[in-house]
Every structure is written in structure tokens, then in C-alpha cells.
Amino acid sequence: MKSENLELASQQVNKSMNLELSNQTMNKTANQQINNNGFLVISLDFELIWGVFDKVDHNDKKTYFENTRKIIPEILKLFLEYNIHCTWATVGMLFNRDFEEWEANKPSRVPDYVNSSLSAYKYGDSLKPELSAQSCFAKDLISQINNTANQEIGTHTYSHYYCLEDGQTLASFKADLEKSISMAKAMGIELKSLVFPRNQFNESYLKVCYEFGIKNVRSNPTDWYWKDTQSTSLKNRLFRTGDAYFGSNNKSYRVKELNKIDGIPLSQKASRLLRPYSKHKILNNLKLNRIISEMTHAAKNNEIYHLWWHPHNFGNNPEENISDLRKLLEHYKKCQNKYDFGSLTMSELNSLV
Ligand SMILES: [Zn+2]
């Protein structure tokens, strides 16, 4: 009896040693793969009305935002199905439940833009609470995203803050960021990645971001026509639009091209904006094929391909948009099988640099 027990115990020791050994081998393989692979990074600017209130009439967009709310769980389902890791850069105001909370959470310092039509605070004050809450708050959805595997909640500032606008100051930016961080913390979320609204990228604010724990920011593609994000010149607009359909596959990059600088967040370059579904079939297919070809290029060459969009871009033609996203993720799966292409959040990419 005793020797049987001994035998059993020794079998268990052997089993656990083998397990340990196979874990080590697996970790080694995983590390080798991580160092050699390419990765798809997806970041989404989640903002609802707060990202567009100066451009659209809220009353015309009811269905659009209703669709956006419905589409987010659909996107999450697809991400789970294809094991996609994604960073959701979320506007802090969405963390409120209603206008009462929104009012109570106003920071003591708010940006005093010369162009006051950009102020989310002034805009919020002008709304009729009973008619607009659906487009302004999304605590339930944030919770759902946060509870889904491999999703990172990042920040898109508290008030969709414009860092290059006249009238705002570093102090009001700090107050904005602090509010985002405390709202997220109350939900058990630590914010590590930031996307600057309208890609207004203010280098002098980066230090402050880092001090508040932001380790990553998304930056613009390096092409000249993206340099000045405010430019609406016809030439720039034409090039930006044309770039969605034609051109060379130069949007992806190696992990080693990313450069960590002490005291400021890691700048992660976006490769491409996924434009919404277009009823113009030829253009829509050109756009998808371009992304597919860029993704293949990144996978083959072990590069990072960073795709971004706003969930509300799926608000018109939601079914077609979801079906296009599935096509892209289906291609991602092919790249994964063929080239070990992986998927990362912005925070996960940071840990490889
Ligand atoms: Zn935005």
C-alpha cells in the first residue's frame, strides 16, 4: 500500500515536472514568436455625440447613435470570435450615467476655447436631458467592453479636449485628464493609452500625460498630407481620400522602429482609418482590398499594422459595416495561420518595445 502511494506520488512529481518543462517550452516559443511576428493593433475612438457635436445636429442623429449603441456588442462578439485585442479610447463624459452625474463631475477648470462652439460643457448645457441621454452616456457599454477578454479601455480625454485650440491651457488639460482617470478608477480601470481628439497632437502636453500614468499615445501616419491635421485644403483632402484606395503598402512598421523616450508616452503610429461602408461598390471593394493587402504586407514582413475608426462610423449601414469588418478579420485569421500574425492592444504593444 505504502509503495503504491509512493509510486503515485512519484508519478505526480514527474507529471508536474513535465508540465513545468512544457510550460517553459511554450513560454520560450511564445517569446520567440512575439519577437518575430507582425501584429494587428486596433484602436477605436469611442465618443458618441461628444466627438461630433460641433459638426452635426443631434436631433438628426438619433438612429445613428442608437445603431452605434447596438453595434458595439456586435463588434465585441466579432473580436471574441477572432481573438482580437483592441484599445477603446473612450471619452470620459461617457462614464457618467446621466446629466445629473455629468453636472456633478464637471472639473473645476474647464477649457475656455476662443471658439466656444468646441466646448463640450457649453454644448451639454444646451441639451434637453430627457431627449439626449442615449447619445451622451454609455457606462453600461464601457462595462461590457471592460468585461470582454483582451479589450483595453483607454482615454480620448474627458471632454473630447482640443489640445491645439486657442484659449485652452495646460492647467485645463490637466484637470480634464485627472477627471478621466478618476472616473475610470471608480470602475476599477487604469488608463494607460490615450488618443488625442481630432489627432491634435500637442508634444508639450506629453510629459503631463506620462506623469498621470499614460504610457501610450496614438500618433498620425507620417505622410505629409497627415502632418497638418487641421488642414482642409483641397489638395490635402484629395490625397487623403485617394490614399484609402491606391498607393504603396508603406503603412506598417517594425516593433524596433518604435522608440521609448524617458518621461513621455510611447508614440504609436496609426496605419489607417477604416472608412465606413460605401454604397459605391467599386470604391468599397477598393478600400477593403487596400486594407487586406496592407495587412498581408505587415504579416509577411513581421510588422505592426494599426487600424482605427470610431464605433459611430458603423452607425449608418450597420449590417454592411459589420459584414465588412468580418471580411477583414477573416483575412486576419488567414494571416495568423500563415504568418503567425498576432493581435495586440496598445498597452500590449508597449510591453514588447
Ligand atoms: Zn474623437
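Please read these numbers as outputs of a predicted model, since none were measured by experiment. (Residues numbered from 1 in each chain as written. Predicted model: local features only at pLDDT ≥ 70, side-chain atom pairs only at ≥ 80, totals over all residues.)

Participant: Mind laying out the overall build of the protein, listing which residues take part and the relevant values?
Facilitator: Looking only at helices and strands, the protein features 13 helices and nine strands. Here the protein holds 353 residues, and 35% of them are scored as buried. (Helix = DSSP H or I, 4+ residues; strand = E, 2+ residues; numbered from the N terminus. Buried ≥ 20, exposed ≤ 12 C-beta atoms within 10 Å, placed from the backbone.)

Participant: Before we move on, can you summarise unusual backbone geometry with the specific residues and values?
Facilitator: Here Asn-83, not a glycine, exhibits a phi torsion of approximately 55 degrees, which is positive. Looking at the secondary structure, you find Asn-83 in the loop between helix H2 (62-81) and strand E2 (86-90). Notably, Asp-340 is not glycine yet its phi reads approximately 60 degrees, a positive angle. Within the fold, Asp-340 resides in the loop between helix H12 (318-339) and strand E9 (342-344). Using a count of 16 C-beta atoms within 10 Å as the deciding quantity, one classes Asp-340 as partly exposed.

Participant: Quick rundown of the packing of H2 against H12? Include the residues and the values.
Facilitator: Remark: H2 packs on H12, axes separated minimally by 11 Å, with the N-to-C direction vectors making an angle of 20 degrees. Classified by the angle their axes make, H2 and H12 are roughly parallel. When you trace H2 past H12, the crossing you get is right-handed. In this structure, H2 contributes Asn-67, Ile-71, Glu-74 and Leu-78 to the contact, and H12 contributes Pro-318, Ile-322, Leu-325, Arg-326 and Leu-329. Residue classes in the contact of H2 with H12 are distributed as six nonpolar, one polar and two charged. (Axes fitted to C-alpha atoms, helices over the stretch in contact; angles between N-to-C directions. Parallel < 35°, antiparallel > 145°, perpendicular 65-115°, else oblique. Left-handed = near helix turned anticlockwise from the far one by under 90°. Contact = placed C-beta atoms within 7 Å. Nonpolar A, V, L, I, M, F, W, Y, C, P; charged D, E, K, R; others polar.)

Participant: Account for helix H7 (residues 170-186), with residues named and values stated.
Facilitator: Under the 1.5 Å per step criterion, the end-to-end length of H7 is 24 Å for 17 residues, consistent within 8% with the ideal 24 Å. When H7 is considered as a whole, its buried residues turn out to be Phe-173, Asp-176, Leu-177, Lys-179, Ser-180, Met-183 and Ala-184. Angular distribution of buried residues about the axis of H7 spans 155 degrees; they occupy a single face of the element. Of the residues in H7, the exposed ones pointing more than 90 degrees away from the buried face are Ala-171, Lys-185 and Ala-186. At its buried positions, H7 is contacted by strand E3 (151-155) and helix H8 (206-211). (Expected span 1.5 Å × (residues − 1). Arc of directions from axis to C-beta.)

Participant: Outline the nonpolar core, listing residues and values.
Facilitator: Inside soluble globular proteins, nonpolar side chains tend to come together where they are buried. Leu-40, Val-41, Ile-42, Met-93, Leu-94 and Met-295 are the most contacted members of the largest nonpolar core, which has 69 residues in total. Not counting residues up to four positions away in its chain, the partners in contact with Val-41 are Ile-304, His-306, Leu-344, Met-346 and Leu-349. (Core = buried A, V, L, I, M, F, W, Y, C linked by C-beta atoms within 7 Å.)

Participant: How would you explain the pairing of strand E8 (residues 304-309) if you had to name every residue and give the values?
Facilitator: Among the six residues in E8, five count as buried, and that is most of the element. Where strand E1 (residues 39-46) and E8 come together, six bridges link them in parallel fashion. Note on E8: the bridge partner recorded for Val-41 is His-306. Bridge analysis of strand E7 (residues 272-273) against E8 gives two bridges, and the strand direction is parallel. Bridging from a neighbouring strand, Arg-272 pairs with Leu-307 of E8. (Pairing = 2+ DSSP bridges.)

Participant: Tell me about H2, and please be specific about residues and values.
Facilitator: Between its terminal C-alpha atoms H2 stretches 29 Å, which fits the 28 Å expected from 20 residues at 1.5 Å a residue. Along H2, the largest kink reaches about 30 degrees and is centred on Ile-71; proline Pro-73 follows within four residues of it. Every buried residue of H2 is accounted for by Phe-65, Asn-67, Thr-68, Ile-71, Ile-72, Ile-75, Leu-76 and Phe-79. Looking at the buried positions of H2, the neighbouring elements they touch are E2, helix H5 (129-136), helix H6 (139-146) and H12. Count one or two residues on from H2 and you reach Asn-83, which has phi positive near 55 degrees. (Bend = angle between axes of the 7 residues up to and from the residue.)

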